[in-house]
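Topology and contacts: notes
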Amino acid sequence: MIGPILCFDLGNTRLKCGIMQDGALLEERFFSEAALLAEVDTLLAEYRPQAAVLSSVIEHPPALEALLSRETEFIRLRYDTPLPVKIVYEKPETLGVDRIALAAGAADMFPGSHSLIIGAGSAITYNFVNKKGEFMGGGISPGIEMRFRALHAFTDKLPLVPQEAHYSFVGYNTRQSILSGVLEGALAEVDGMIGSYAARYRNFNVLLTGGIWFFCFPP
Ligand SMILES: Nc1ncnc2c1ncn2[C@@H]1O[C@H](COP(=O)(O)OP(=O)(O)O)[C@@H](O)[C@H]1O
Ligand SMILES: CC(C)(COP(=O)(O)O)[C@@H](O)C(=O)NCCC(=O)O
C-alpha cells in the first residue's frame, strides 16, 4: 500500500490539494491565501503523508516548500521532472507546470493515443499530447471570471456581472447580454477548438478539467 500523497495545485484563483491514496482521490482541500502555511500544517498533521508534489503557477511563499521538504518526500513539479511525456514546447521552462501535470496525467491514462486536455480555470488552456507521448503545447485564452472582469474593467458602462447558471440565450438587457456573451461564447470557443483539433488530428481523447463548473453543467 502506498501512503497518502498530497498533490498541491496552486493556481491563479484557487489554492488546492488532492489527497491521493493508492492512485485514487480521497479528498480535495482548498486553502486561503492568508493562512496557507497554517492550513497545510494542519493537513500534514491529519494525514501524515508519505510524499507531496507541488504544482504552482504563482509566487507562493518559499516557506511552503521548506515545510513540505521537512515533513514529506517532496517533489516540486518542474519542466525537467521525469514524467511520461516528452515536452517539445519551444522553451519548456516557460510552460505552466499545471499544464505539464495535465499532459502527464493524460499520457499516463491514454498511452499511444492523442489527447487534448482542456484546463478550465483562471485561464482556459488547451494542451495537446500526441500518440508518441510528446506534449506539443496548445493554446491559452481568458477564463470565464477574467472575461466578466475584463468587460467591466475595459469599458465605462458595463457592470461587473456575477456568474449565474440561468440566463437568456438572447440577452434582453445588459446583464443578460453579458451572461450570454461570456458563457455561450466560452462554450462555443471550447466546441470550436475541439472541432479545429479534429480537423487536424484523427481519433483523440478530450479531457476536460478545472474549476469552471459551467462547462460541466451548461443550461
Ligand atoms: N467556489 C469557487 N471559487 C472560485 N472559483 C470558482 C468557484 N467555483 C467555480 N469557480 C470557477 O473556477 C475558476 C477557478 O478554477 P481553478 O481550476 O481552480 O483555477 P486555477 O487553477 O487557475 O486557480 C474561477 O475562475 C471560476 O470561474
Ligand atoms: C496559462 C496559465 C496562466 C494557466 O494558469 P491557471 O489558469 O491554471 O491559474 C499557467 O499555465 C501559466 O502561467 N503558464 C505559463 C505560460 C505557458 O504555459 O506557456
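Because the structure is predicted, anything quoted here is derived from the model rather than measured. (Residues numbered from 1 in each chain as written. Chains lettered and ligands numbered in written order. Predicted model: local features only at pLDDT ≥ 70, side-chain atom pairs only at ≥ 80, totals over all residues.)

Let us now look at helix H5 (residues 174-200). Here H5 spans 38 Å end to end across 27 residues, near enough to the 39 Å set by a 1.5 Å rise per residue. Those residues of H5 hidden inside the fold are in contact with helix H4 (144-153). (Helix = DSSP H or I, 4+ residues; strand = E, 2+ residues; numbered from the N terminus. Expected span 1.5 Å × (residues − 1). Contact = placed C-beta atoms within 7 Å.)

Close to ligand 1 lie 13 residues; Gly11, Thr13, Gly121, Ser122 and Gly211 are nearest. Tallied by class, the residues present in the shell around ligand 1 amount to three nonpolar, eight polar and two charged. In this structure, the shell around ligand 1 is formed jointly by two domains, domain 1 (5-76) and domain 2 (86-144 + 171-215), each of which donates at least three residues. (Near = placed C-beta within 6 Å. Nonpolar A, V, L, I, M, F, W, Y, C, P; charged D, E, K, R; others polar. Domains from an automatic or database assignment.)

Partitioning the protein into structural domains gives domain 1 (5-76) and domain 2 (86-144 + 171-215). Domain 1 and domain 2 are separated by 24 Å when their C-alpha centres are compared. On the domain 2 side, the residues contacting the eight residues of domain 1 number seven residues. For the side of domain 1 that touches domain 2, a count of residues per class yields one nonpolar, five polar and two charged.

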